[in-house]
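# A closer look at the structure
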Amino acid sequence: MTLQIAYSPCPNDTFVFEAWAHGRVPGAPPVHVTFADIDVTNGMAERGELDILKVSYAVLPWVLDEYTLLPCGGALGRGCGPLVLTREPGVDLAGKTVAVPSERSTAYLLFRLWAAAAVPSEVGEIVVMPFHEIMPAVRDGKVDAGLVIHEARFTYQSYGLHCLADMGEHWEDTTGLPIPLGAIIAKRSLGADRLRRLAESIRTSVRMAWDDPQASRPYVLEHAQEMDPAVADQHIGLYVNEFTADLGDAGYAAVRGLLTRAAAEGLVPPLGRDALNFV
């Protein structure tokens, strides 16, 4: 049975899943890959589409009845959080228009937690757009600020933009926890045994990518949207780490900490006690 999976064309996802997508992971089921922006995959999860999805951790409270969080394959880390960018330094965001990659994104959730403390008056209009369109929109004055993710951390200065605030830095300073960004989820209906095998397939794909990085390079660069290869390498180095192989206690603490804090602020529904348990 071929499983339907969706993840982004970003280097960290293509690096992680390359071996599996090309049938090189022993014993792994075949997969049909759909490439989609995070806002699209979040929507797919809410509608119950596809078997396996890369989504924002922020969307989990809405989808965990149908999907389970896999303990590997996602993106967490330190020093890798979303940035708020503006054309001029020191902009007050009160009443300003801010572009974000998804209203269900972890980036936007971290932004709302930051803004509650840093912007005494409310931020103005929130505009959702694909993440690769955000920096040009800020540069061209279509929006006042942009919340960016992924490789924008390495490239925003080439657009003449300034970093107003680092959401990850704020999260780490206030919690001491790593930053939970993207999760891998799979349908509970696949069954516990198959879900455990899927998790092991992902771990094997990650290890194979680490053991032979050059094997994944053509796939990574093919889908990297004209990204400079050096930037793609930086992207992988930052977002593919020990938490990708296994969330571990620190990873689960970060996810639960984010969603518990957000629920206390009324930003997401509260999680059940066992909601994050695997299978």
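What comes next is a walk through the structure.

Quick notes on the rules
Residues numbered from 1 in each chain as written. Predicted model: local features only at pLDDT ≥ 70, side-chain atom pairs only at ≥ 80, totals over all residues. Heavy atoms only, no water. Helix = DSSP H or I, 4+ residues; strand = E, 2+ residues; numbered from the N terminus. Expected span 1.5 Å × (residues − 1). Buried < 20%, exposed > 50% of the residue type's maximum accessible area, 1.4 Å probe, protein only. 1 Å grid on protein atoms, 1.4 Å probe; cavity = no way out; pocket = protein on both sides within 12 Å on 5 of 7 lines; lining within 4 Å. Points joined across faces, edges and corners; volume = space filled by probe spheres on them. Nonpolar A, V, L, I, M, F, W, Y, C, P; charged D, E, K, R; others polar. Core = buried A, V, L, I, M, F, W, Y, C linked by side-chain atoms within 4.5 Å. Contact = heavy atoms within 4.5 Å. Pairing = 2+ DSSP bridges. Phe/Tyr/Trp six-rings, centres within 6.5 Å; stacked < 30°, edge-to-face > 60°. Lys NZ or Arg CZ within 6 Å of the ring centre and 35° of its normal. Axes fitted to C-alpha atoms, helices over the stretch in contact; angles between N-to-C directions. Salt bridge = Lys/Arg side-chain N within 4 Å of Asp/Glu carboxyl O.

### As for helix H4 (residues 106–118)
Spanning 13 residues, H4 covers 18 Å between terminal C-alpha atoms, matching the ideal 18 Å at 1.5 Å per step. Taken together, the buried positions of H4 are occupied by Thr 106, Ala 107, Tyr 108, Leu 109, Leu 110, Phe 111, Leu 113, Trp 114 and Ala 115.

### Examining the layout of surface pockets
The computed volume of the second largest pocket comes to approximately 250 Å³. If you trace the second largest pocket, you find 15 residues lining it, with Phe 111, Arg 112, Leu 113, Ala 115 and Ala 116 closest to the centre. Examining the composition of the lining of the second largest pocket, we find that six residues originate from one element, H4, more than from any other. Split into classes, the residues belonging to the lining of the second largest pocket amount to ten nonpolar, two polar and three charged.

### Observations regarding empty space enclosed by the protein
Taken as a whole and judged by the stated rule, the model has four cavities of 30 Å³ or more. Reported here for the largest cavity is a volume of approximately 310 Å³. In terms of lining residues, the largest cavity is bounded by 27 residues, among which Ile 38, Ile 149, His 150, Leu 181 and Gly 182 are the most central. No other element matches strand E3 (residues 52–56), which puts three residues into the lining of the largest cavity.

### Some details on the nonpolar core
Looking at soluble globular proteins, one finds that nonpolar side chains tend to be buried together. One finds Leu 60, Phe 111 and Trp 114 to be the most contacted residues of the largest nonpolar core, which totals 55 residues. The greatest single-element share of this core, amounting to eight residues, is contributed by H4. Discounting residues that sit within four places of it in the chain, Phe 111 has contacts with Val 84, Leu 93, Val 98, Val 123, Ile 126, Leu 147 and Met 167.

### Describing the pairing of E3
Extensive coverage of E3 is indicated by the burial of five of its five residues. Where strand E1 (residues 3–7) lies against E3, two bridges are found, and the strand directions are parallel. Looking across to E3, one finds that Ile 5 is bridged to Ile 52. Bridge count for E3 against strand E11 (residues 179–187) is five bridges, and the pairing is antiparallel. From the neighbouring strand, Ile 52 faces E11, where its bridge partner is Ala 186.

### Thoughts on the packing of aromatic side chains
Scanning all chains against the criterion turns up six aromatic pairs. Here Tyr 108 and Phe 111 contribute two aromatic rings whose centre-to-centre distance is 6.2 Å and whose plane-to-plane angle is 20°, an arrangement assigned as stacked. Of the two residues, Tyr 108 and Phe 111 both sit in helix H4, three residues apart, roughly one turn of that helix. Of the two residues, Tyr 108 and Phe 111, neither departs from the other in class, the shared state being buried. Aromatic rings pair up to connect Tyr 7, Phe 17, Trp 20, Phe 35 and Tyr 219 into one cluster. The ring of Trp 62 has Arg 104 lying over it, and the distance from NZ or CZ to the ring centre is 3.7 Å.

### Quick word on the sheet that holds strand E7 (residues 98–100)
Spatially, the five strands line up as an open sheet ordered E8-E7-E9-E6-E10, and their pairing is mixed. Two strands in the sheet have a free side with no partner beyond their single neighbour: strand E8 (126–128) and strand E10 (162–166). The average undirected angle you get between the axes of adjacent strands in this sheet is 30°. With two bridges connecting them, E7 and strand E9 (residues 145–148) associate as parallel partners. Looking across to E9, one finds that Val 98 is bridged to Ala 145. Relative to E9, helix H5 (residues 131–139) is tilted by about 160°, and along the sheet it contacts strand E6 (83–86), E7 and E9. The sheet contacts of helix H7 (residues 167–175) involve E6, E9 and E10, and relative to E10 the element is tilted by about 25°.

### Quick notes on the pattern of salt bridges
Counted by the stated rule, this structure contains 14 salt bridges. A salt bridge links Lys 187 to Glu 66, with the nearest nitrogen and oxygen atoms 3.4 Å apart. Pair noted here: Lys 187 is in strand E11 and Glu 66 is in the loop between helix H3 (60–63) and strand E4 (67–69), with a separation of 121 residues, a long-range link. Residue classification places Glu 66 among the partly exposed residues on the basis of a relative accessible area of 36%. Glu 200 is paired through a salt bridge with Arg 203; the nearest N and O atoms lie 3.8 Å apart. Placement of both Glu 200 and Arg 203 in helix H8 (residues 192–211) is noted, with a separation of three residues, approximately one turn of the helix. A network of salt bridges, in which partner residues are shared, links Glu 200, Arg 203, Arg 207 and Asp 246.

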